[in-house]
Amino acid sequence: MPEKKRITFDVSKERKERWRQALDSDPHTQYLSQFIRLAVEQYINDDGSDGAELPPDLEEDLRDLTGTQQTLLRRLDEMRTQLDDIRESVGSTTNPEVEALANDIFQQLPHESTIKSDSVLEPDGSPPGTVDWLQDRVEASSYRIEAALNHLQSTTYAVHQSDDQYYRDS
């Protein structure tokens, strides 16, 4: 059995009381001498890093928050994927009414030469190829006409726009 040496030192009453309170809250130690030995060994084994450790309950809360954050990020990514899928499916299918209106509008659209000519004036004052001009020729709201024009521009290279006037290739 190794030879043991006794160490004695003096501490204030307040410090001794603080140590006793810490001892009472530590389930790993039973005696003050055992508590002091454990504290000295922990101090010696400390790697010297200045990173202060969080109390165990805060560490657990932090782990919970990190896990929750990861779950939320994963769900957000799933929702973005679903939204992209929805956008793609909505964009790829055109309302049949918009398609029918787009066909009617295409037939009504003036040619580029008509748009470029300054001599063309309509009796109502609307320049040819504008949404107002088209509204006089097809029975549809300006919103639906714009949707049909957007459809025509995205599905054909024959429809163009100059400012607020739309025209088709000759």
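All of these numbers come straight from a predicted model, not from anything done at the bench. (Residues numbered from 1 in each chain as written. Predicted model: local features only at pLDDT ≥ 70, side-chain atom pairs only at ≥ 80, totals over all residues. Heavy atoms only, no water.)

As for the overall build of the protein chain
Here is step 1: A tally of helices and strands in the protein chain yields seven helices and two strands.
Here is step 2: In the protein chain, the order of α-helices and β-strands from amino to carboxyl end is α-α-α-α-α-α-α-β-β.
Here is step 3: Every one of the 170 residues in the protein chain was classed for burial, and the buried ones make up 19%.
Here is step 4: Of the roughly 13900 Å² that the protein chain leaves accessible, carbon and sulfur atoms contribute 49%. (Helix = DSSP H or I, 4+ residues; strand = E, 2+ residues; numbered from the N terminus. Buried < 20%, exposed > 50% of the residue type's maximum accessible area, 1.4 Å probe, protein only. Areas by Shrake-Rupley, 256 points an atom, 1.4 Å probe, with all protein chains shown as cover.)

Things to note about the nonpolar core
Here is step 1: Grouped together as the largest cluster of nonpolar side chains are 16 residues, with contacts concentrated most on Ile-105, Leu-109, Leu-134, Ile-145 and Leu-149.
Here is step 2: Residue assignment for this core shows that the elements contributing at least two residues are helix H4 (96–108), helix H6 (131–135) and helix H7 (142–155).
Here is step 3: Residues contacting Leu-109, with those up to four places away along its chain left out, are Leu-134, Leu-149, Leu-152, Val-159, Tyr-166, Tyr-167 and Arg-168. (Core = buried A, V, L, I, M, F, W, Y, C linked by side-chain atoms within 4.5 Å. Contact = heavy atoms within 4.5 Å.)

Side note on the side chain of Thr-130
Here is step 1: If you trace the backbone, Thr-130 turns up in the loop between helix H5 (112–116) and H6.
Here is step 2: For Thr-130, a relative accessible area of 6% corresponds to the buried category.
Here is step 3: Not counting the four nearest positions on each side in its chain, Thr-130 is found in contact with Asp-164 and Gln-165.

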